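Next come the chains, spelled out residue by residue.
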Amino acid sequence: MFAGKAIRCECGYEVRASDEDDVVEEIRRHASEAHGITFSLELARKLARGTTQGAGDDGSIRKEMQ
Ligand SMILES: [Zn+2]
């Protein structure tokens, strides 16, 4: 069950939402507006679930987020 989540970007921005879909949306919006990158829905969903711990399996997310 999903019971609220807070994801912190490397820039210090924190995405908070009680619903996973909202977190996913916020992650994608922040990445686009603040960093000019586009997260796929799948990738943002992984981040929201913490299955990537804020970084892709290859570490590409952290690099892209800088
Ligand atoms: Zn950021």
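Residues numbered from 1 in each chain as written. Predicted model: local features only at pLDDT ≥ 70, side-chain atom pairs only at ≥ 80, totals over all residues.

*Asks:* Would you mind going over the overall build of the chain with me for this structure?
*Replies:* Counting its secondary structure elements, the chain contains three helices and two strands. The order of α-helices and β-strands along the chain, N terminus first, is β-β-α-α-α. The buried share of the chain, reckoned over its 66 residues, is 23%. Taking the intrachain contacts of the chain between residues at least 6 apart in sequence as the baseline, contacts between residues at least 24 apart amount to 25%. (Helix = DSSP H or I, 4+ residues; strand = E, 2+ residues; numbered from the N terminus. Buried ≥ 20, exposed ≤ 12 C-beta atoms within 10 Å, placed from the backbone. Contact = placed C-beta atoms within 7 Å.)

*Asks:* What am I meant to see in the nonpolar core here?
*Replies:* Across soluble globular proteins, nonpolar side chains show a tendency to be buried alongside one another. In terms of nonpolar packing, the biggest core is built from 10 residues, these being Ile7, Val15, Val23, Val24, Ile27, Ala31, Phe39, Ala44, Leu47 and Ala48. Mapped by element, the contributors of at least two residues to this core are helix 1 (20–35) and helix 2 (41–49). Sorting elements by how many residues they give to this core places helix 1 first, with four residues. The contacts of Ile27, once residues within four sequence positions are left out, are Ile7, Val15, Phe39, Ala44, Leu47 and Ala48. (Core = buried A, V, L, I, M, F, W, Y, C linked by C-beta atoms within 7 Å.)

*Asks:* Which parts of the structure should I look at to understand the environment of Arg45?
*Replies:* Mapping Arg45 onto the fold places it in helix 2. Taking the number of C-beta atoms within 10 Å as the measure of exposure, Arg45 has 18 and is therefore partly exposed. Considered as a pair, Arg45 and Arg28 are 17 residues apart in the sequence and their alpha carbons are 9.5 Å apart.

*Asks:* I keep staring at helix 2 and nothing clicks. Help me out?
*Replies:* Within an α-helix, residues lying three or four positions from one another point in the same direction, as the helix has 3.6 residues per turn. Regarding helix 2, the residues found buried are Ala44, Lys46, Leu47 and Ala48. As for helix 2, its buried residues are in contact with strand 1 (5–8) and helix 1. Of the residues one or two after helix 2, Gly50 is the one with positive phi, at around 75°.

*Asks:* Would you mind showing me how to read the confidence of the model for the chain here?
*Replies:* For any part of a model where pLDDT is low, the fine detail of the predicted coordinates should not be relied upon. The predicted model of the chain averages 78 in pLDDT, with 73% of residues at 70 or higher. Note on residues 55–60: pLDDT is under 50 here. Beyond four places in sequence and across chains, it has four contacts. (pLDDT = per-residue confidence, 0-100.)

*Asks:* For this particular structure, what's the right way to read the packing of helix 1 against helix 2?
*Replies:* A packed helix pair is summarised by two numbers, namely the angle formed by the two axes and the spacing between the axes. In contact at an axis separation of 9 Å, helix 1 and helix 2 are set at 120° when each is read in the N-to-C sense. Considering how the two elements wind past one another, helix 1 and helix 2 form a crossing that is right-handed. Only Leu41, Ala44, Arg45, Leu47 and Ala48 of helix 2 make contact with helix 1, whose side of the interface consists of Glu20, Val23, Val24, Ile27 and Arg28. (Axes fitted to C-alpha atoms, helices over the stretch in contact; angles between N-to-C directions. Left-handed = near helix turned anticlockwise from the far one by under 90°.)

*Asks:* What exactly am I supposed to notice about helix 1 here?
*Replies:* Helix length check: helix 1, at 16 residues, gives a terminal C-alpha distance of 21 Å against a target of 22 Å (1.5 Å per residue), a fit within 8%. Taken together, the buried positions of helix 1 are Val23, Val24, Ile27, Arg28, His30 and Ala31. Projected down its long axis, helix 1 shows its buried positions confined to an angular sector of 165°, all on one face. When the buried face of helix 1 is taken as reference, the exposed residues oriented beyond 90 degrees from it are Ser32 and Glu33. Backbone geometry just after helix 1 places Gly36 at a positive phi near 65°. (Expected span 1.5 Å × (residues − 1). Arc of directions from axis to C-beta.)

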